[in-house]
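Inside the fold
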Amino acid sequence: MSVSKLIPRILLTVSFLIIGFANIKAQNGDQILDGIGETALIARYQLNGDIKDWSRNNLHAKYGGIEAPFVNDSRFGKVLLLNGESSAYLKIPAESFHDIESLSIAGWINLRSNTAGQTFFIIGKENATPIFSSTIPVVIENKWAHIAVVFDVAAKTVQNFIDGRPTGEPVALTPAVIQMLGTAESNQQQIFIGKAVAGSTNLNGLLADLRVYRVPLNRRQVVGIFSSAKGSSVNAGAVNTRRVEEELPKFAADQPQLYNVYLEEVSDIVVETEVGILPRFPSYVDGKYKNGIKGPKVRVVWPADVDNKAVLQLGQYTVTGKVAGTNFKPKAVVTVKPPTKPKLPTPQLKAFALNQVTLKSDALGNETKFIQNRDKFVRTLVKTDPNSFLFMFRHAFGQPQPEGAKPLGSWDSRDTKLRGHATGHYLTAIAQAYASTSYDQYLQNDFAQKMTYMVDALYNLSQLSGNPATPGGPSVADPKMVPTGPGKTDYDSDLSDAGIRNDYWNWGKGFISAYPPDQFIMLEKGAKYGGQKNQVWAPYYTLHKILAGLMDVYEVSGNIKALEIATNMGDWVHARLSQLPKDTLIKIWNTYIAGEYGGMNETMARLYQMTGQKNYLETAKLFDNVRVFFGDTDHSHGLAKNVDLFRGLHANQHIPQVIGSVEMYKASKDPAYYKIADNFWYKIVNDYMYSIGGVAGARNPANAECFLAQPGTLYENGLSAGGQNETCATYNMLKLTSDLFQFEQRGELMDYYERSLYNHILASVAENNPANTYHVPLRPGAIKQFGNPNMTGFTCCNGTAIESNTKLQNTIYFKRNNNQALYVNLFVPSTLNWTEKKIVVEQTTNFPKEDETKLTINGNGKFDVHIRVPNWATKGYTVKINGKEANVKAIPGTYIQLSRNWKSGDIIEVKMPFQFHLDPLMDQQNIASLFYGPILLAAQETEARKEWRKVTLDAQDISKSITGDPKQLQFNIGDIVFKPFYDTYGRHSVYLDVQLK
């Protein structure tokens, strides 16, 4: 298919804004470009002297000839010259097609001849007939023109732009292109820039600023690229907040939806709080419905203040909420009372060690989704070569590589400033796999050997740092005195073979990383996130992964070297950060991406509790995100006082910080840290959560990895076109939830855990291998994209995936610290070996294909058994002990308690009937997800869609509109098939446009 056939061959008279292109930079590698979200960008080639990809994905191009030629240009500086010869073209790696459904390619072209049919790009396999070819219309020679080609798979069209203007109407995409995008077939294709095919000629011209996007750019975005001089700058705290145009349906603000059509009355509420602390409003209040409809509680969206001025004095005030699609305005009367002595919750529960809980087949002998996913990861992990995960560490220290060692790709490749992050995930994963594989001695021994090999190699490297390379040679032991690299006038993040510094003797005692210390020092001096060598990419994020992994290895194996590496690097960090002013630290930790530190506060607080050394607790406090946690240096508000200042911020930059605040509370006993975590969790789950349990995916700001710009607006400001619900954000939310539950056994915590575990984490893994999702898209007719099947190239979510799937059993059961009570949180076939009580508990169930479970006690002893009553169990909940019904008060969203002197052979049987229910978006109630019990059901689609899938359900009982087999968890609404989202691998619609009749 030739774009030249679609574009009239006209001569363009181009008038450009005078915007100083001679000094244009490619935003120095930043991916927040021209109002387009970071995650939409696949690759960006500045072509100002090299053919590197300056996005974080490092999809460096290759030149068809011997060496890519560059020439000077008065407008762009250096540009790439493609001279029309057969070898003069660029080849963009096949990985550029991973994780895409649609595609946009844009670049500046200056033709050197007016020969017709010159190629812009083709898509296909090497030396095969291309699937798509794009030729350039005849334009004025020696004039720069901006060309963009936009593939929109949902609309099944391709649209072409010249200098920001569409060239006619969109044209239909061929079935071959539609089939190729968004499927496994796409991973076998490549983009060739300027390469000729039959009927066209090689590009004879200059090329600059070539970009590839995974989304269909709209006209405003194309115009933005065309007209922007230096592009938008990165906000130090939040990211781009320009609203992205969406083609989602618009609904009248006062049009009642779902059960609100029958709503007659909404209750007002009364709330109390203390001076200085914003009140916590319930998301759902009582409502009254007409025509005998038994509707749910009414979702109310309450105003969300950005300070606590309203509660600085004693008294009362009134807050007015809103109910989407109605004129109801429920009121909350808030009473502000004097402050009381803070409560100091104590951790009452502990998780069982991973080797105490074993996953097993269901009651019918079938492998569960838990076992399937575990085995995909464990069997692939055991095949990995530790030398791949050590490659960049040895490269940083200038040490030789073992024969046959191969580096990782993706975010651990040679030029990537985040390299080493996967090594931290790997350490944690092999530690967890070691602890979890007692059922297979071969696997367990292999993971034990991997742990020892990794730690020994990292230990030897860490011992080099700050010590002379030769006896009596020069060295700098003090971390505060690290000089610039040899022959350099400043610190830089150049990791190329030619540019990297390897003078480890100057790095200070104890340093360990997959890159030299420059990025840490540059961050202190104000460096921002980006791809240029004067920029950084989250050095403390990477370090957190490494330290956490070492500590995990120490805890499961007792490897003293692992702890020593961590403590020595902890000392290095303390030396560097303790000398910085508080204002500098505040600025650093609120810098987008560059200041992302993962859970360094958690790791340092954990290290303090392991060693008792106070400098690690002091170091942990240096990672306080003062603005988000406390509002300001006076601790006037922030999350500690229930003020939401994280809206619009990068989600997974901040969730681990909040996890760290729980560990800080354990270590310091400062109640403010606990309040930070508790308030954050409540706000996230009630105002930012999608139906799968994911919490990030904003279109305002225009970044799928960010929280919404305004809480409670998932429809208005969510559902981004570029994908949403970052999987590692949900991984961290589960971790936070588990931590909080050990302090307070609130059913809502484990209700969230179950939702996210089944409907996001289990749903994030490919059908036949351990490839897994980065972003999980929830738009109509979307498809999951899976990556890293062989564990050779990790994004952040590929990293947390190897952790998630080697510890799937870790929250099924908890125990009281005194070993006098057992908590059954999840209904998963498993065996618990409660060694402290000499009790074995067998859980036998077909859950979620059946709505019951059986617990068999083996061993004798007196203890309490607490079993969760899920919030979805509203049709009853019965318990039998040894066949006799127990008298329990089962309230959905709580736990029942069974106190007994248990005898070996005692059996507890629990039945909790499932029912269908809807989970609507809070600000657009008719857009809802369908659940059966805890399981999200996805409509199975055959193609991408622009519109929401419409369904009509019975208002009195929605189950009357649904047919199917509960034991297979497959249902129908009319001719639409619904399956669990975790069993969905093709196109799907998670959200539906629902009407009730």
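Calculation criteria
Residues numbered from 1 in each chain as written. Predicted model: local features only at pLDDT ≥ 70, side-chain atom pairs only at ≥ 80, totals over all residues. Heavy atoms only, no water. Pairing = 2+ DSSP bridges. Helix = DSSP H or I, 4+ residues; strand = E, 2+ residues; numbered from the N terminus. Axes fitted to C-alpha atoms, helices over the stretch in contact; angles between N-to-C directions. Expected span 1.5 Å × (residues − 1). Buried < 20%, exposed > 50% of the residue type's maximum accessible area, 1.4 Å probe, protein only. Contact = heavy atoms within 4.5 Å. Salt bridge = Lys/Arg side-chain N within 4 Å of Asp/Glu carboxyl O. Phe/Tyr/Trp six-rings, centres within 6.5 Å; stacked < 30°, edge-to-face > 60°. Lys NZ or Arg CZ within 6 Å of the ring centre and 35° of its normal.

Side note on the sheet that holds strand β2 (residues 62–63)
Ordered in space as β2-β5-β13-β7-β8, the 5 strands form an open sheet in which the pairing is antiparallel. Looking at the sheet topology across the chains shown, the edges are occupied by β2 and β8 (132–136). Here β2 pairs with strand β5 (residues 90–92) via 2 bridges, running antiparallel. Its bridge partner being in β5, Y63 is matched across the sheet by L90.

Looking at the sheet that holds strand β21 (residues 331–337)
On the basis of which strands lie adjacent, the open sheet formed by 3 strands has the order β16-β21-β20 and mixed pairing. The sheet terminates laterally at β16 (269–274) and β20 (315–320), the two strands that pair on one side only. On average, each strand axis in the sheet is tilted by 25° relative to the strand beside it, whichever way the strands run. Both β16 and β21 contribute to a ladder of 6 bridges, which runs parallel. Its bridge partner lying in β21, V271 is registered against V334.

A look at helix α15 (residues 671–687)
Compared with an ideal rise of 1.5 Å per residue, which puts 17 residues at 24 Å, α15 spans 24 Å between its outermost C-alpha atoms and is within 8% of the ideal. Burial runs high along α15: 15 of the 17 residues are buried.

A look at the side chain of T856
Position of T856 relative to the elements: it lies in strand β32 (residues 852–858). For T856, a relative accessible area of 18% translates into the label buried. Apart from the residues within four sequence positions on either side, T856 is in contact with V840, V841, E842, D906 and I907.

A few points about the pattern of salt bridges
Per the counting criterion, the structure on display carries 44 salt bridges. Between R746 and E744 there is a salt bridge, with its nearest N and O atoms 3.4 Å apart. A relative accessible area of 18% means that R746 is categorised as buried. On the accessibility criterion, E744 (27% relative accessible area) is partly exposed.

Comments concerning the packing of aromatic side chains
Across all of its chains, the model carries 60 aromatic pairs by this definition. An angle of 40° between the planes, with centres 6.2 Å apart, marks the rings of Y515 and F520 as tilted. Using a relative accessible area of 0% as the deciding quantity, one classes Y515 as buried. Given a relative accessible area of 1%, F520 falls into the buried group. Aromatic rings pair up to connect F397, Y504, W505, W507, F511, Y515, F520, Y540, W572, W589, Y597 and F623 into one cluster. Across the ring face of F192, the terminal group of K195 is positioned such that the distance to the ring centre comes to 4.7 Å.

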